[in-house]
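Letter by letter, the chains look like this.
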Protein chains: 2
Amino acid sequence: MNLKQKIANIPDWPEKGVTFRDITPLLADKEAFKYVIDKMAEPYLDNPPDFVLGIDARGFIIASALAYRLGAGLAIVRKAGKLPRATIKKEYTLEYASNAIEMHEDAIKSGDRVLLVDDVLATGGTMSAAIELVEKLEGNIIGVDFLIGLTALGGTEKIKYPIKSLIEY
Amino acid sequence: MNLKQKIANIPDWPEKGVTFRDITPLLADKEAFKYVIDKMAEPYLDNPPDFVLGIDARGFIIASALAYRLGAGLAIVRKAGKLPRATIKKEYTLEYASNAIEMHEDAIKSGDRVLLVDDVLATGGTMSAAIELVEKLEGNIIGVDFLIGLTALGGTEKIKYPIKSLIEY
């Protein structure tokens, strides 16, 4: 399946010089959506993680269907201020903004096998922050997977765990 | 399955007088997560919608797994300013904030069968705004489903389509 045909390329958005990869046409295509979730699940079918961890907000889309497919629990990382119970927090900067993310401090336990997932790997800033949160909770990171990897932006070098990107630019 | 046991009740959050129903323990429980998605999918298995529509951000969690389960496409409504292509927009007020949501104007076509989904029905403000967007695109709304319905808050009366809530308070 030619997945790149299902992605809309938006030049200079949200900022000049950035090409935004819009996955909404892919999500809307029922065959393509099922295909990408099944493909991302494939390597873990024999030994699923305890948790798939999704990152606010588009990361939830990939992580949720993937957790369902794998029969895993879903854990979430949210933008600061959105989670109601005791959290751990990490501030970071990314391609076109600075931000902070949080995770409930009981979201995962020491030794839990965690697959971190987001829609797009750009500079890796958000994912690196999420990794730090999981490490603080002593989760066992078994993989860091993306629907799309923008390999020229250096994110791959920043992340010290096995990375998979289904679609690469 | 006693689903209410999997939900954390947070008094006075995010504002005094509001009890926030935190679904993160339910999502983290792999059996409970699979159960709620399967239960929400059940009524549509014989005749799935063209699209499950998820609302930014927690609504994505329910909608995505449900779209995957049903073999449907996933359409999304986002907070204003997040979608990169031509959109339609609706401003609204809800329980504890005012807001605006957008949808790509090509997200659904006239006559498409659409199942709208969110995690929690409170006053119905967000969902009513999403319904107006789908109506503007002439979508055929086949249902409006929630994981949790807070029936005392009046949202049920505001929505003029068939509503289902898996868990009611």
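To be clear, the structure that these remarks concern was listed above.
Scope of this entry: the structure provided in the associated data block. The model shown is predicted, which means the values in this text are computed figures rather than measured ones.

Some remarks on the relation of the copies chain B and chain A
Right, so step 1: Each copy superposes on the other: chain B lies on chain A with an RMSD of 0.0 Å after a rotation of 180° and an axial shift of 0.0 Å. On this basis, the relationship between the two copies can be described by a two-fold rotation axis. The C-alpha atom lying nearest the rotation axis in chain B is that of B:Ala65; the distance is 2.0 Å.
Right, so step 2: Most of the interface of chain B is mirrored in chain A, where 100% of its interface residues are also at the interface.

A look at the side chain of B:Asp56
Right, so step 1: For B:Asp56, the location among the structural elements is in the loop between strand 3 (51–55) and helix 3 (58–70).
Right, so step 2: There is a polar contact of 3.0 Å between the side chain of B:Asp56 and the side chain of B:Arg78.
Right, so step 3: Within the structure, the side chain of B:Asp56 is placed 3.1 Å from the backbone nitrogen of B:Lys79, a separation counted as a polar contact.
Right, so step 4: Apart from the residues lying within four places of it in its own chain, the contact partners of B:Asp56 are A:Ala57, B:Val77, B:Arg78 and B:Lys79.

As for helix 4 (residues 125–136) of chain B
All names here are of chain B.
Right, so step 1: Over its 12 residues, helix 4 extends 17 Å from the first C-alpha to the last, a length consistent with the 16 Å expected when each residue adds 1.5 Å.
Right, so step 2: Among the 12 residues of helix 4, nine are classified as buried, and the element is accordingly described as predominantly covered.
Right, so step 3: In the stretch just after helix 4, Glu-138 is the one whose phi turns positive, near 65°.

A look at the environment of A:Ser98
Right, so step 1: Relative to the helices and strands, A:Ser98 is located in strand 6 (residues 97–104).
Right, so step 2: Dropping the residues within four chain positions of it, A:Ser98 is found in contact with A:Tyr92 and A:Thr93.

As for the packing of helix 3 (residues 58–70) of chain A against helix 2 (residues 30–41) of chain B
Right, so step 1: In the contact formed by helix 3 of chain A and helix 2 of chain B, the axes pass within 10 Å of each other and the chain directions differ by 100°. Between helix 3 of chain A and helix 2 of chain B, the crossing angle belongs to the class labelled roughly perpendicular. Touching A:Ser64, A:Ala67 and A:Tyr68 of helix 3 of chain A are B:Phe33, B:Lys34, B:Ile37 and B:Asp38, all from helix 2 of chain B.

Quick notes on the interface of chain B and chain A
Right, so step 1: Of the residues lining the interface, 38 residues belong to chain B; the matching set on chain A comes to 38 residues.
Right, so step 2: Roughly 3,100 Å² of surface becomes buried between chain B and chain A when both sides are summed, with 66% attributable to carbon and sulfur atoms.
Right, so step 3: Taken as a group, B:Tyr68, B:Leu74 and B:Pro84 account for 22% of the area that chain B buries against chain A, more than any other trio of residues on that side.
Right, so step 4: The interface formed by chain B and chain A includes two salt bridges.
Right, so step 5: Two residues, B:Arg85 and A:Asp22, come together in a salt bridge whose shortest N-O distance is 2.7 Å.
Right, so step 6: Summed over the shared surface of chain B and chain A, the result is 16 residue pairs in polar contact (both at pLDDT 80 or more).
Right, so step 7: Listing elements by their share of the side of chain B that touches chain A, those giving two or more residues are strand 1 (8–10), strand 2 (20–22), helix 1 (24–28), helix 2, helix 3 and strand 4 (73–79) of chain B.
Right, so step 8: It is helix 3 of chain B that provides the largest number of residues to the side of chain B that touches chain A, a total of eight residues.
Right, so step 9: Its residues placed into classes, the side of chain B that touches chain A shows 21 nonpolar, six polar and 11 charged.

Focus on unusual backbone geometry
Right, so step 1: Cis rather than trans, the peptide bond between A:Trp13 and A:Pro14 has omega equal to 0°.
Right, so step 2: With respect to the helices and strands, A:Pro14 occurs in the loop between strand 1 (8–10) and strand 2 (20–22).
Right, so step 3: Omega for the bond connecting B:Asp56 with B:Ala57 falls within 30 degrees of zero, at 0°, which places this linkage in the cis form.
Right, so step 4: Its location among the elements puts B:Ala57 in the loop between strand 3 and helix 3.
Right, so step 5: The phi angle at A:Asp12 is positive, at roughly 55°, despite the residue not being glycine.
Right, so step 6: With respect to the helices and strands, the residue A:Asp12 is situated in the loop between strand 1 and strand 2.

Rules of the game
- Residues numbered from 1 in each chain as written.
- Chains lettered and ligands numbered in written order.
- Predicted model: local features only at pLDDT ≥ 70, side-chain atom pairs only at ≥ 80, totals over all residues.
- Heavy atoms only, no water.
- Least-squares fit on C-alpha atoms with pLDDT ≥ 70 in both.
- Contact = heavy atoms within 4.5 Å.
- Helix = DSSP H or I, 4+ residues; strand = E, 2+ residues; numbered from the N terminus.
- Polar contact = N/O pair within 3.5 Å; in protein donor to acceptor, adjacent residues only side chain to side chain.
- Expected span 1.5 Å × (residues − 1).
- Buried < 20%, exposed > 50% of the residue type's maximum accessible area, 1.4 Å probe, protein only.
- Axes fitted to C-alpha atoms, helices over the stretch in contact; angles between N-to-C directions.
- Parallel < 35°, antiparallel > 145°, perpendicular 65-115°, else oblique.
- Buried area = accessible area lost by both parts, 1.4 Å probe.
- Salt bridge = Lys/Arg side-chain N within 4 Å of Asp/Glu carboxyl O.
- Nonpolar A, V, L, I, M, F, W, Y, C, P; charged D, E, K, R; others polar.

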